[in-house]
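Now for the letters of each chain:
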Amino acid sequence: MDNTPPANKTEDAAVNEADTTRKPFLTPDQLVDHLKSKGITFNGYCEESAKGYLSDCNNYLRTASYRKLFPVHAEGASVGQYIGLDFLALVKLSSVDRKLRAALREIVIDVEHFARVSLLNRAVAEGEDGYKLVKEYFAHLRECDRRRVEEDLARRGSEDRGHDEYTGDLIAHYDEYPLWVFLEAIEFGRFCDLYLFCANRWRDSEMQNYHYVLKSVKSLRNAVCHNNCIINGFSRNSEKTGYRTPAPISSSMNELGFKKTKSRRAKLKNLRVAQIAAALYVSHDICPTESARRRHAEAMHGVCDAFRDVQALCPADGSLTSYFDFITKLVDIWLPIEYTTPC
């Protein structure tokens, strides 16, 4: 009886198998041919212009990412090819997405700022000692988490290559951090954790619920500040939230006349839409200045207008349009048109 184990795949065989998943660089000409093979037309945007666009204005991966929002033929000779998708739609959707990211980036940065100001003011109202509060926050962290925060602050406040040009001198000035300094030194994710710590410390259930809203805003902030595409996730097949809509958002929508419906529940299960809803809600709720709300309103209404200009190029079944209609309703209730008219 031969007990010799089966021979392992040869190195060449393994490489050849891996090659089936590897894709070569394609020239703009080849990329256009590839898109045409997928049923994408070039009626509204000629092939030569498309080659220039893919060469100088945008890369293929980002441009083509919006194609998954369009249906494909399920049978026949054209199975797998896109239905009614012209390259112009990909270009226009990419432009709308850029406007959406820019508008949301402005919103989430303001939200983060005003949330920090709000927490600081609440600590003053609670009669907190700013040093003691931060010290007790560190004490409640798990050892590994506390060490990670301490090492990060030490690195950024050092004089070596890890020095943070923007906050390093501030960090280095303190052995113990008062709250007003700690808030300037930590990233948004750590702020959200500190916010929950304070909510529990003050036994404030509304703050506890608000913490989950801020976590959604934090996720969106990371996406828009890293220039990630957003619209390509406006699909029922995209990632779901896995959690119920936070109570502050639901309550605000109900109070402002956007009643709970099957459609509302479905749209808010889309993770990206849920995060956008969180950002718009907090902008409405926490930004105290008329100028900030006006800037946010003007930017978001501009995005909604830009989408209306490309709507005729979108899937005929109205699936993508329904997502923008939903976002437009959120903008209307939380950043109404009145904010776009200067006083």
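The structure presented is a predicted model; accordingly, all values stated were derived computationally and were not measured.

Summarising the element assignment, His 296 is placed in helix α15 (residues 290-310). A polar contact is formed between the side chain of His 296 and the side chain of Asp 110, at a distance of 2.8 Å.

Right, let's get into the packing of helix α11 (residues 205-225) against helix α14 (residues 271-286). At a minimum axis distance of 8 Å, the contact between α11 and α14 shows a crossing angle of 115°. Of the two elements, α11 crosses α14, and the hand of that crossing is left-handed. Contact with α11, carried on its side by Tyr 210, Val 213, Leu 214, Ser 216, Val 217, Ser 219 and Leu 220, involves Gln 275, Ile 276, Ala 278, Ala 279, Tyr 281, Val 282, Asp 285 and Ile 286 of α14 and no other residues of that element. Taken together, the residues of the contact of α11 with α14 sort by class into 11 nonpolar, three polar and one charged.

Here we come to the nonpolar core. Formed by 99 residues in total, the largest nonpolar core has its most connected members in Phe 87, Leu 194, Phe 234 and Met 300. Sorting elements by how many residues they give to this core places helix α5 (residues 87-125) first, with 17 residues. Each residue touching Phe 234, except ones within four places of it in the same chain, is listed here: Leu 69, Leu 100, Asn 270, Arg 272, Val 273, Ile 276, Leu 320, Tyr 323, Phe 324 and Ile 327.

Taking 1.5 Å of rise per residue, 21 residues should cover 30 Å, and α15 covers 31 Å from first to last C-alpha, within 8% of that figure. All of the buried residues in α15 are Ala 292, Arg 293, Arg 294, His 296, Ala 297, Met 300, His 301, Val 303, Cys 304, Ala 306, Phe 307 and Val 310. Elements that come into contact with the buried residues of α15 comprise α5, α14 and α16 (319-334).

A word on a negative patch on the surface. A contiguous patch of negative charge, built from Glu 159, Asp 160, Glu 165 and Asp 169, is present on the exposed surface. Relative to the assigned elements, Glu 165 resides in the loop between α7 (143-156) and α8 (168-172). Here Glu 165 falls in the exposed class, since its relative accessible area comes to 63%.

This part takes up the packing of aromatic side chains. A complete count under the given rule lists 19 aromatic pairs for this structure. Between the aromatic rings of Phe 258 and Phe 326, the centroid separation amounts to 5.4 Å while the plane-to-plane angle is 55°, which identifies the pairing as tilted. With Phe 258 in the loop between α12 (247-255) and α13 (262-268) and Phe 326 in helix α16, this pair connects stretches of sequence that are 68 residues apart. Classification of Phe 326 as buried rests on a relative accessible area of 4%. Feature note: the residues Phe 188, Phe 191, Tyr 195, Tyr 210, Tyr 281 and Trp 334 constitute an aromatic cluster, connected by ring pairs. Of note, Lys 267 hangs over the ring of Tyr 323, and the distance from its end group to the ring centre comes to 4.7 Å.

You can see Thr 63 is positioned in helix α4 (residues 60-64). On the basis of relative accessibility, which here comes to 2%, the residue Thr 63 falls in the buried class. Apart from residues no more than four positions distant in its own chain, Thr 63 is found in contact with Tyr 53, Leu 54, Asn 58, Phe 87 and Leu 90.

Take unusual backbone geometry next. Phi at Arg 203 takes a positive value of approximately 50°, unusual for a residue other than glycine. Relative to the helices and strands, Arg 203 resides in the loop between α10 (188-201) and α11. Overall, the relative accessible area of 75% leaves Arg 203 in the exposed class. Positive phi is not limited to glycine here, since Asn 227 has a value of about 60°. Note that Asn 227 resides in the loop between α11 and α12. A residue is classified by how much of its surface remains accessible, and Asn 227, at 34% relative accessible area, is partly exposed.

With that settled, the discussion passes to the environment of Ala 64. Tracing the backbone through its elements, the reader meets Ala 64 in helix α4. For Ala 64, a relative accessible area of 2% corresponds to the buried category. Sequence-wise, Ala 64 and Leu 88 are 24 residues apart; in three dimensions their C-alpha atoms are separated by 11 Å.

Next up on the list: the pattern of salt bridges. What the rule picks out here adds up to 22 salt bridges. Here Lys 36 makes a salt bridge to Glu 47, at a shortest N to O gap of 3.1 Å. With a gap of 11 residues between them, Lys 36 in helix α2 (residues 28-37) and Glu 47 in helix α3 (residues 47-57) connect regions that are remote in the sequence. The exposure class of Lys 36 is partly exposed, given its relative accessible area of 37%. Taken together, the shared-partner salt bridges connect Glu 128, Lys 132, Glu 136 and Arg 201 into one network.

About the cut-offs
By convention here, each chain's residues receive numbers from 1 onward along its written sequence. The model is predicted, so local features are restricted to residues of pLDDT at least 70 and side-chain atom pairs to those at 80 or more, both for listing and for counting; the totals for chains, interfaces and linings are taken over all residues. Side-chain metrics in this entry use all non-hydrogen atoms of the structure; hydrogen atoms and water are not considered. Comment: elements are numbered from the N terminus, with helices defined as DSSP H or I runs of at least four residues and strands as E runs of at least two. Identification of polar contacts relies on pairs of N or O atoms within 3.5 Å, with a donor-acceptor requirement for protein atoms, meaning one able to donate a hydrogen and the other able to accept it, and with residues adjacent in sequence counted only if both atoms are side-chain atoms. Every axis in this analysis is a line fitted to C-alpha atoms, fitted for helices over the stretch in contact. Angles between the N-to-C directions lie between 0 and 180 degrees. Note on convention: near helix rotated counterclockwise from far helix by under a right angle means a left-handed crossing. Clockwise means right-handed. Here, residues are in contact when the closest pair of their heavy atoms is within 4.5 Å. Only Asp, Glu, Lys and Arg are considered charged in this grouping, and only Ala, Val, Leu, Ile, Met, Phe, Trp, Tyr, Cys and Pro are considered nonpolar; every other residue, Gly among them, is considered polar. Joining through side-chain atoms within 4.5 Å is the link that ties buried Ala, Val, Leu, Ile, Met, Phe, Trp, Tyr and Cys residues into a set, and such a set is a nonpolar core. Burial status follows relative accessibility: with a 1.4 Å probe on protein chains alone, a residue under 20% of its type maximum counts as buried, one over 50% as exposed, and anything between as partly exposed. The span you would expect from a helix comes to 1.5 Å times its residue count less one. Nonpolar side chains (Val, Leu, Ile, Met, Phe, Trp, Tyr) within 5 Å and like charges within 9 Å form the patches, drawn only from residues with over 30% relative accessible area and no salt bridge. Each accessible area value is a Shrake-Rupley result obtained with a 1.4 Å probe; residue values ignore everything except the protein chains displayed when judging cover. One speaks of a salt bridge when a side-chain nitrogen belonging to Lys or Arg is within 4 Å of a carboxyl oxygen belonging to Asp or Glu. Positive charges come from Lys and Arg alone, negative charges from Asp and Glu alone, with His and the N- and C-terminal ends not counted. By convention, charge coordinates are those of NZ in Lys, CZ in Arg, CG in Asp, or CD in Glu. What counts as a ring pair is set by centres within 6.5 Å for rings of Phe, Tyr and Trp (its six-membered ring), and what kind of pair is set by the plane angle: stacked under 30 degrees, edge-to-face over 60, tilted for all other angles. Only when the NZ atom of a Lys or the CZ atom of an Arg is both within 6 Å of the ring centre and within 35 degrees of the ring normal do we say a charge sits over the ring.

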